[in-house]
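Structural overview
Listed below are the residues making up each chain.
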2 protein chains.
Amino acid sequence: MIRHFDSKEILASDSFYRRNLITCLSGYKSLNLIGTQNSKGKTNLAPFSQVFHIGANPPMLGILFRPNTVIRHTLHNILQSGIFTMNHVTSEFYKEAHWASARWEDSEFDAVGIEAEYLNDFKAPFVKKSPVKLACTVLETQELKVNQTIFMIGSIDSIYIDDKGLRKDGSLDLELLDTVTVAGLDDYYTGKSLGRLSYAKPEGLPEEI
Amino acid sequence: MIRHFDSKEILASDSFYRRNLITCLSGYKSLNLIGTQNSKGKTNLAPFSQVFHIGANPPMLGILFRPNTVIRHTLHNILQSGIFTMNHVTSEFYKEAHWASARWEDSEFDAVGIEAEYLNDFKAPFVKKSPVKLACTVLETQELKVNQTIFMIGSIDSIYIDDKGLRKDGSLDLELLDTVTVAGLDDYYTGKSLGRLSYAKPEGLPEEI
């Protein structure tokens, strides 16, 4: 059976119900832990589901920061230092990653028991156990007029990948890397491969490659 | 073993290799078919992996359009008509969804064999078999300075959901709905649930709910 919500019903629904529903509508979301450090050297770690690809040449990614949420330390530290790390989450530590979103006084690395590491003199902390780690620098930040969401674009300056998941053509096998994805606010999944498909041409249905 | 790419290596790598690598770095991406219609009534359908949540109150989503790619018809139609539909893809028709990205002369609905439907007088076509369908209106469009990507924000005006995947609290069970996710350019997956986690508080590790 199809359940239909028109705009009146959506706006009239309970705010908790509406938030659960609307955050699920786009589908599966990426999950990354962002690592930062403030000017006093205190580290911060927070899970983000709003990170996406912006361009490959030069390599860039985008992040959406909701206004007035628990992620403010991350935004503050990035604006102060200009840099951050992005780290894939695996099924081994997705509960700790979720836990890092609580309101901690101390560094989330210590609080939730996720080990930090520093690589090649980059001043922001990486997640040691993460199979895909990126060192990033802020390029541009803007506020969206529609709801004061902050949209940040960063350059990808350095990439660290567990080579078991790096294919010969540069693509990543996210199932082998055990990368976790999130739906809505709190619903975690790993991926089950359907297959890669050949470049789409009118001549025939794409095939698994 | 960890494979490290510094910025020089990234920029010096083969463009095909780099594109495969960089598009995979954010992790799993949402997958939606966007349905549109031009002023002459010709329909268009195209797969998008760059759709994300913007806000729940009012409900909004964002889409990134790469400049100069096969998706231009979609952008053109949306700017002309002001409206579009978003439709989740399932494992039953993910190959046809991928195929819709080929350069078709005719409507992709007919070309790849995906059935369209029209609901409640909305002028853009939905994907009949999709378990999650949204009717959307453009709110704002801007060009990103960094690489001329188009960033569009739309309101979610109407929602159609197969109720087998709609939980009592408003969230969606994407595994039950058989929603597909994509990595990089051509790598498709369904989700395998790890579980939902309780709201994160410092008092203790979040639990499955």
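Parameters at a glance
- Residues numbered from 1 in each chain as written.
- Chains lettered and ligands numbered in written order.
- Predicted model: local features only at pLDDT ≥ 70, side-chain atom pairs only at ≥ 80, totals over all residues.
- Heavy atoms only, no water.
- UniProt positions renumbered as here; feature names shortened; annotations may be inferred.
- Helix = DSSP H or I, 4+ residues; strand = E, 2+ residues; numbered from the N terminus.
- Contact = heavy atoms within 4.5 Å.
- Buried area = accessible area lost by both parts, 1.4 Å probe.
- Salt bridge = Lys/Arg side-chain N within 4 Å of Asp/Glu carboxyl O.
- Polar contact = N/O pair within 3.5 Å; in protein donor to acceptor, adjacent residues only side chain to side chain.
- Least-squares fit on C-alpha atoms with pLDDT ≥ 70 in both.
- Pairing = 2+ DSSP bridges.
- Buried < 20%, exposed > 50% of the residue type's maximum accessible area, 1.4 Å probe, protein only.
- Phe/Tyr/Trp six-rings, centres within 6.5 Å; stacked < 30°, edge-to-face > 60°.

As recorded by an unreviewed UniProt entry, chain A carries the name NADH-FMN oxidoreductase RutF, flavin reductase (DIM6/NTAB) family and is attributed to Algoriphagus alkaliphilus. Reading the Cofactor (unreviewed entry) entry of the UniProt record for chain A gives the comment "FMN". On record in UniProt, under Sequence similarities (unreviewed entry), the comment for chain A is "Belongs to the flavoredoxin family."

**Looking at unusual backbone geometry**
For the bond from A:Asn57 to A:Pro58, the omega torsion is 0 degrees, close enough to zero to count as cis. Residue position: A:Pro58 is located in the loop between strand E5 (51–56) and strand E6 (59–65).

**Here's the deal with the interface of chain B and chain A**
The interface is formed by 105 residues belonging to chain B together with 105 residues belonging to chain A. When the two sides are added together, the surface that chain B and chain A hide from each other amounts to roughly 9,400 Å², 62% of it contributed by carbon and sulfur. The largest contributions to the chain B side of the interface with chain A come from B:Tyr28, B:His53 and B:Leu194, which together make up 8% of the buried area. Along the contact surface separating chain B from chain A lie six salt bridges. Here B:Arg167 makes a salt bridge to A:Asp187, at a shortest N to O gap of 2.9 Å. Viewed at the interface, chain A and chain B are joined by 54 residue pairs in polar contact (both at pLDDT 80 or more). The element contributing the most residues to the side of chain B that touches chain A is strand E13 (residues 187–196) of chain B, with ten residues.

**Structural notes on the relation of the copies chain B and chain A**
For these two chains of identical sequence, chain B goes onto chain A by a turn of 180 degrees and a shift of 0.0 Å along the axis, with RMSD 0.0 Å. In symmetry terms, the pair is related by a two-fold rotation axis. Using C-alpha coordinates, one finds that chain B approaches the rotation axis most closely at B:Gly191, a distance of 2.4 Å. When the interface residues of chain B are mapped onto chain A, 100% of them are again interface residues, pointing to one common binding face.

**Observations concerning the sheet that holds E13(B)**
A sheet is described by the order of its strands in space; here six strands give the open sequence E2(A)-E12(A)-E13(A)-E13(B)-E12(B)-E2(B), paired in antiparallel fashion. Among the strands making up the open sheet, the edge pair consists of strand E2 (29–30) of chain A together with strand E2 (29–30) of chain B. Of the strand pairs in this sheet, strand E12 (residues 180–183) of chain A and strand E13 (residues 187–196) of chain A are connected by four bridges, and their pairing is antiparallel. Opposite A:Val182, over in E13(A), you have A:Tyr188 as the bridge partner.

**Some remarks on the side chain of B:Thr36**
Residues and elements named next belong to chain B. Counting through the fold element by element, threonine 36 comes out in strand E3 (residues 32–37). Taking the relative accessible area as the measure of exposure, threonine 36 reaches 0% and is therefore buried. There is a polar contact of 3.0 Å between the side chain of threonine 36 and the side chain of asparagine 77.

**Things to note about the pattern of salt bridges**
Tallied over the entire structure, the rule returns 18 salt bridges over all chains. A salt bridge links A:Asp186 to B:Arg196; the shortest N-O distance between them is 3.0 Å. Of the two residues, A:Asp186 sits in the loop between E12 and E13 while B:Arg196 sits in strand E13, which places them in two different chains. Like A:Asp186, the residue B:Arg196 is buried in the burial classification. The closest approach of N and O atoms between B:Lys128 and B:Glu115, which form a salt bridge, is 3.7 Å. Here the residue B:Lys128 occupies a position in the loop between strand E9 (126–127) and strand E10 (132–143), and B:Glu115 occupies one in the loop between helix H5 (108–112) and strand E8 (116–117), the gap between them amounting to 13 residues.

**Concerning the packing of aromatic side chains**
The full count for this structure, using the stated rule, is 18 aromatic pairs over all chains. Ring geometry for A:Phe122 and A:Phe126: centres 5.9 Å apart, planes at 45 degrees, overall tilted. Each member of the pair A:Phe122 and A:Phe126 is classed as buried. Here the aromatic rings of B:Phe52 and B:Phe151 are separated by 6.0 Å at their centres, their planes lie at 25 degrees, and the arrangement is stacked. On the criterion of sequence distance, the pair formed by B:Phe52 in strand E5 (residues 51–56) and B:Phe151 in strand E11 (residues 150–162) is long-range, its members being 99 residues apart. By relative accessible area, B:Phe52 is classed as buried at 4%.

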